[in-house]
Amino acid sequence: NAGVTQTPKFRVLKTGQSMTLLCAQDMNHEYMYWYRQDPGMGLRLIHYSVGEGTTAKGEVPDGYNVSRLKKQNFLLGLESAAPSQTSVYFCASRDPGENQPQHFGDGTRLSIL
Amino acid sequence: SQKIEQNSEALNIQEGKTATLTCNYTNYSPAYLQWYRQDPGRGPVFLLLIRENEKEKRKERLKVTFDTTLKQSLFHITASQPADSATYLCARPNSGGYQKVTFGIGTKLQVIP
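Residues numbered from 1 in each chain as written. Chains lettered and ligands numbered in written order. Predicted model: local features only at pLDDT ≥ 70, side-chain atom pairs only at ≥ 80, totals over all residues. Heavy atoms only, no water.

Q: Hey, could you go over the state of the cysteines for me, with residue numbers and the actual values?
A: Two cysteines joined by a covalent bond between their sulfur atoms form a disulfide. Residues and elements named next belong to chain A. Taken as a whole and judged by the stated rule, the model has two disulfides over all chains. The partner cysteine of C23 in its disulfide is C91, sulfur to sulfur 1.9 Å. Where C23 bonds to C91 through sulfur, the torsion about that S-S bond is close to -75 degrees, and the disulfide is left-handed. On the criterion of sequence distance, the pair formed by C23 in strand β3 (residues 19-25) and C91 in strand β9 (residues 87-94) is long-range, its members being 68 residues apart. (Disulfide = S-S within 2.5 Å. Helix = DSSP H or I, 4+ residues; strand = E, 2+ residues; numbered from the N terminus.)

Now the structure itself:
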């Protein structure tokens, strides 16, 4: 049981380049999330999805886009990378309903030069 | 906005002692609070959930309390071990629904042998 898998684990981009981060979960969870984690800032929600084909903005959505075409996958896109997007990105999933914990992947470390 | 405040400074304790971490929240009392553990280079892992009407919750050497008067949750690790060294995150659900949670920045615990 792999849980939540994020690819790639590391990436270095130049300013202006684009890329897509992939998150895959095998727990049949309805809800999926993308966070970024920066020193002194904690986890901040970028976008989230409460079901296949649905997405919503989180706390810091600017500069990112997402898609949830399949229930098990949640993609995070950077159309034109900026140095301010250098961060560690975490994907999480969970069952719907109150009290349900989030299950996290091990992150993608992204550096924008 | 709902805030979660954790002491961001590292907490160093001697092996065998009890570690106590604090999580303070603002505004209304959340229906529950969650605690996660995060190791370096890994995603957070869910540990415990405590509901508003529960004063205390235990799991092995872990104990969590919820004080709605003080607007505070305490996380205790008894008989601490070097393997308990990690960053511990507190999280609360956002108002208006339970689809999203807000995480604290975490407290880094170092257990010294």
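Q: Summarise the sheet that holds strand β7 (residues 62-67) of chain B; cite the residues concerned and give the values.
A: Residue and element names in this part refer to chain B. The five strands are arranged β1-β3-β8-β7-β6 in an open sheet whose pairing can be described as antiparallel. Of all the strands in the sheet, just β1 (4-6) and β6 (56-59) have a single pairing partner and so form its edges. Strand-to-strand twist across the sheet, computed as the mean angle between neighbouring axes with direction ignored, equals 20 degrees. Relative to β7, β6 runs antiparallel, the two sharing four bridges. Across the sheet, K57 pairs through a bridge with V64, a residue of β7. (Pairing = 2+ DSSP bridges. Axes fitted to C-alpha atoms, helices over the stretch in contact; angles between N-to-C directions.)

Q: Could you give an account of the interface of chain B and chain A, naming the residues involved and the relevant values?
A: Counting residues at the interface gives 19 residues for chain B and 23 residues for chain A. Carbon and sulfur atoms make up 53% of the area that chain B and chain A hide from each other, which totals about 1800 Å². One can count one salt bridge joining chain B with chain A. The partner of A:D106 in a salt bridge is B:R42, with the nearest N and O atoms 2.9 Å apart. For the interface between chain B and chain A, the tally reads seven residue pairs in polar contact (both at pLDDT 80 or more). Among the secondary structure elements, those contributing two or more residues to the side of chain B that touches chain A are β4 (32-38), β5 (45-51) and β10 (101-103) of chain B. It is β4(B) that contributes the most residues to the side of chain B that touches chain A, four residues altogether. Taken together, the residues of the side of chain B that touches chain A sort by class into eleven nonpolar, five polar and three charged. (Contact = heavy atoms within 4.5 Å. Buried area = accessible area lost by both parts, 1.4 Å probe. Salt bridge = Lys/Arg side-chain N within 4 Å of Asp/Glu carboxyl O. Polar contact = N/O pair within 3.5 Å; in protein donor to acceptor, adjacent residues only side chain to side chain. Nonpolar A, V, L, I, M, F, W, Y, C, P; charged D, E, K, R; others polar.)

Q: Please provide a residue-by-residue account of the sheet that holds β3(A), values included.
A: Residues and elements named next belong to chain A. Here we have four strands laid out as an open sheet, ordered β1-β3-β8-β7, and antiparallel in their pairing. Lying at the two open borders of the sheet, with one neighbouring strand each, are β1 (4-7) and β7 (64-67). The average undirected angle you get between the axes of adjacent strands in this sheet is 20 degrees. The sheet contact formed by β3 and strand β8 (residues 73-78) spans six bridges and is antiparallel. Its bridge partner lying in β8, C23 is registered against F74.

Q: Could you give me a rundown of unusual backbone geometry, with the residues and numbers involved?
A: All names here are of chain A. Cis geometry marks the peptide bond from T7 to P8; its omega dihedral reads -5 degrees. Along the chain, P8 turns up in the loop between β1 and β2 (10-13). Even without being glycine, N28 reaches a positive phi, approximately 60 degrees. With respect to the helices, strands and loops of the structure, N28 is situated in the loop between β3 and β4 (31-38). We classify N28 as exposed; its relative accessible area is 53%. Non-glycine residue N99 carries a positive phi angle of around 70 degrees. Here N99 is to be found in the loop between β9 and β10 (103-104). (Buried < 20%, exposed > 50% of the residue type's maximum accessible area, 1.4 Å probe, protein only.)

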